[in-house]
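Report on the structure
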Amino acid sequence: MYEDLSVEIFMERLKGRTPDEPEFHQAVQEVVEHVIPFILEHPKYQQAGIIQRMTEPDRTIIFRVVWEDDNGEVQVNRGYRVQFSNAIGPYKGGLRFHPSVNLSILKFLGFEQTFKNSLTTLPMGAAKGGSNFDPHGKSDAEVMRFCQSFMTELVHHIGPNTDIPAGDVGVGAREISYLFGQYKRLAHEFTGALTGKSLEFGGSLIRKEATGYGNAYFMEEMLRHQYDSILDKTCLISGSGNVALYCTEKIIQLGGKVVTLSDSSGFIHDPDGIDEDKLAYLIDLKTVKRGRISEYAEKYGCEYHVGLRPWSIPCDLAFPCATQNELDENDAHHLIEHGCIGVSEGANMPTTQAGIKAFQEAKCLFGPGKAANAGGVAISGLEMTQNSIRLAWSAEELEKRLQDIMVGIHRQCAQYGTEEDYVNYVKGANIAGFIKVADAMLAYGVI
Ligand code: NDP
Ligand code: 2IT
């Protein structure tokens with residue numbers, strides 16, 4: 001079976017049966033470039049059609065979400081849950097509310113989640129979901145009505161041992177609270193069927209910080225591997241959401257200097273660096289007032305670049321933490337020419353394929369999202385554990401576990417990705433993530 005397996009033939013067939021899914025193709029291409037050569041050396045995976053099965057979700061649920069806006073007008077959105085794989089644990093992954101959400105984007109995210117969750121070493125399968133609903137500019141009451149309607153369908157497909165959604169772009173503490181409230185009401189039970197919950201009702205300490213902290217820890221570990229550290233490094237961050245803000249916080253704690261942040265309207269450049277007071281202002285601005293990043297520039301009198309991304313600014317380290325394909329080949333060349341020695345992806349697939357190649361050719365450290373941003377889902381996994389044992393661990397305990405998990409992910413990447421004097425973290429993450437899921441699938445037989 002599959003005797004003619006090659007990256008080219010595989011991708012041609014995948015594109016043939018999934019037309020109009022460019023983000024999904026991109027995510028699969030990035031994986032199979034490393035995994036297919038590995039499979040060819042290990043025929044048991046080839047004979048069992050493992051990669052063919054891994055690139056087809058277990059199931060995809062698409063549903064209508066109807067809600068009433070504050071003017072009494074009926075609004076219709078589309079809701080999704082792509083349950084990708086439960087080979088190594090119940091389906092697990094975030095929900096994204098953003099106007100760009102479509103099946104291609106959710107399939108790319110669900111596919112990547114399979115490898116990411118495997119790398120954490122915790123027993124979690126993979127899923128992703130969301131809606132083309134845009135929370136920007138909506139009142140709390142509108143967001144609540146949307147979330148309640150969304151959960152009215154989703155409740156049939158999730159549960160603490162089945163599928164456990166969490167946040168992603170556009171889904172933070174407010175949305176998870178509305179979603180969990182409706183889940184609890186409809187399911188008639190109080191169980192940890194969502195993570196990222198608030199502390200009063202089963203949430204975990206460190207969860208909101210975990211993705212950003214983990215991303216900074218992953219960079220620190222890549223640097224430590226070559227006897228360096230974040231201390232005194234100038235850092236660029238894109239985005240100003242959950243991941244970007246807490247990545248900033250950890251970089252400040254590790255002695256680095258963050259000089260940029262962005263949103264979809266532009267970026268701020270503060271050459272003096274964002275300190276703890278400025279960060280406190282930002283967390284309030286973005287999570288309570290739901291303001292724009294340009295307001296930071298007005299308050300602190302620094303530059304604001306409308307409609308641009310931060311990659312033209314000279315730096316030592318870059319942390320793309322906003323969205324997919326926000327850093328392309330030109331940006332990569334700019335960064336390298338201006339002295340950048342490391343990139344750690346807080347977002348999912350923020351760097352284009354050509355961008356990744358440019359970093360790797362320049363021997364710039366490059367940590368792919370499925371490894372570097374796995375801290376968020378890892379603490380989600382530990383939120384599930386705490387819910388199951390009905391206990392809450394301390395922040396110190398959880399942060400220590402987060403650090404250990406990020407170090408462990410780095411170790412797995414180095415084990416499978418070391419090429420002479422350079423660690424190819426993309427290759428390492430893909431192969432290490434693949435093996436655990438593939439071996440579970442082999443054990444189950446043909447299902
Ligand atoms: P948030 O919604 O909290 O913040 C998203 C940020 O990115 C905002 O600043 C937003 O700006 C910006 N952004 C979103 N879409 C675009 C776009 N199309 N173009 C430019 N800027 C954009 O999301 P998170 O911080 O949670 O997520 C950021 C990234 O991290 C995503 O790729 C997500 O998948 C990934 N991730 C998140 C995890 C988590 O635990 N939250 C875990 C692992 C990965 P604006 O407000 O203008 O839209
Ligand atoms: O992309 C991701 O890993 C997330 N959005 C977090 C998923 C989770 O279940 O915590």
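Residues numbered from 1 in each chain as written. Chains lettered and ligands numbered in written order. Predicted model: local features only at pLDDT ≥ 70, side-chain atom pairs only at ≥ 80, totals over all residues. Heavy atoms only, no water.

The next point concerns the site of ligand 2. Surrounding ligand 2, one finds 13 residues, the nearest of these being K92, K116, D168, R207 and S380. Between ligand 2 and the protein, one listed contact pairs an oxygen atom with a side-chain N or O atom of K128 at 3.0 Å. In isolation ligand 2 has 300 Å² of accessible area, and contact with the protein removes 94% of it. For the shell around ligand 2, the secondary-structure elements that each account for two or more residues are β3 (91-97), α5 (103-119) and α15 (375-389). The leading source of residues in the shell around ligand 2 is β3, at three residues. Here the residues of the shell around ligand 2 sort into two nonpolar, six polar and five charged. (Near = heavy atom within 4 Å. Polar contact = N/O pair within 3.5 Å; in protein donor to acceptor, adjacent residues only side chain to side chain. Areas by Shrake-Rupley, 256 points an atom, 1.4 Å probe, with all protein chains shown as cover. Helix = DSSP H or I, 4+ residues; strand = E, 2+ residues; numbered from the N terminus. Nonpolar A, V, L, I, M, F, W, Y, C, P; charged D, E, K, R; others polar.)

When their charged atoms lie close together, side chains carrying opposite charge are able to pair. Within this structure, the stated rule accounts for 25 salt bridges. Salt-bridge contacts for R81 lead to D163; the nearest nitrogen and oxygen are separated by 2.6 Å. Of the two residues, R81 is situated in strand β2 (residues 74-85) and D163 in strand β5 (residues 163-166); the sequence distance between them amounts to 82 residues. The burial state of R81 is the same as that of D163; both residues are buried. (Salt bridge = Lys/Arg side-chain N within 4 Å of Asp/Glu carboxyl O. Buried < 20%, exposed > 50% of the residue type's maximum accessible area, 1.4 Å probe, protein only.)

What follows deals with the sheet that holds β5. Across a sheet, strands are paired by hydrogen bonds formed along the backbone, either parallel or antiparallel in direction. With respect to topology, five strands assemble into an open sheet ordered β1-β2-β4-β3-β5, the strand pairing being mixed. Two strands bound the open sheet, and with one partner strand each, they are β1 (59-68) and β5. Direction aside, neighbouring strands of the sheet carry axes that sit 20° apart on average. Where β3 lies against strand β4 (residues 126-131), three bridges are found, and the strand directions are parallel. When the sheet's bridge partners are listed, F97 is paired in β4 with S131. (Pairing = 2+ DSSP bridges. Axes fitted to C-alpha atoms, helices over the stretch in contact; angles between N-to-C directions.)

Attention shifts here to the packing of helix α2 (residues 22-41) against helix α13 (residues 353-361). Packing of α2 against α13 brings their axes to within 11 Å, and their N-to-C directions diverge by 35°. Residues Q26, Q29, E30 and E33 of α2 pack against Q353, I356 and K357 of α13. In the contact of α2 with α13, the residues fall into one nonpolar, three polar and three charged. (Contact = heavy atoms within 4.5 Å.)

For the rest of this paragraph, the subject is the nonpolar core. Counting 57 residues, the largest nonpolar core has F218, I237, I251, L261, L282, F319 and I409 as the members making the most contacts within it. Counting residues per element, this core draws most heavily on helix α8 (residues 207-224), at eight residues. Look past the residues within four positions of F319 in its chain and what remains in contact with it is N215, A216, M219, C235, L236, I237, S238, C247, I251, W311 and S344. Counting 39 residues, the second largest nonpolar core, distinct from the first, contains V7, F24, A27 and F111. (Core = buried A, V, L, I, M, F, W, Y, C linked by side-chain atoms within 4.5 Å.)

Packing of helix α12 (residues 329-337) against α13 leaves a shortest axis separation of 7 Å and a crossing angle of 25°. The orientation of α12 with respect to α13, classified from their angle, is roughly parallel. Where α12 crosses over α13, the handedness of that crossing is right-handed. On α13, the residues touching E329, A332, H333, L335 and I336 of α12 are A354, G355, A358 and F359. The residue makeup of the contact of α12 with α13, split by class, is six nonpolar, two polar and one charged. (Parallel < 35°, antiparallel > 145°, perpendicular 65-115°, else oblique. Left-handed = near helix turned anticlockwise from the far one by under 90°.)

Attention now moves to the site of ligand 1. What surrounds ligand 1 is a group of 25 residues, the closest being D168, T211, S264, R292 and N348. Within the side chain of R96, an N or O atom sits 2.9 Å from an oxygen atom of ligand 1. G346 places a main-chain nitrogen or oxygen 3.5 Å from an oxygen atom of ligand 1. In isolation ligand 1 exposes 900 Å². Once the protein is present, 86% of that is buried. Every element with two or more residues in the shell around ligand 1 is listed here: α8, α9 (242-253) and β7 (257-263). Per-class residue counts for the shell around ligand 1 are five nonpolar, 14 polar and six charged.

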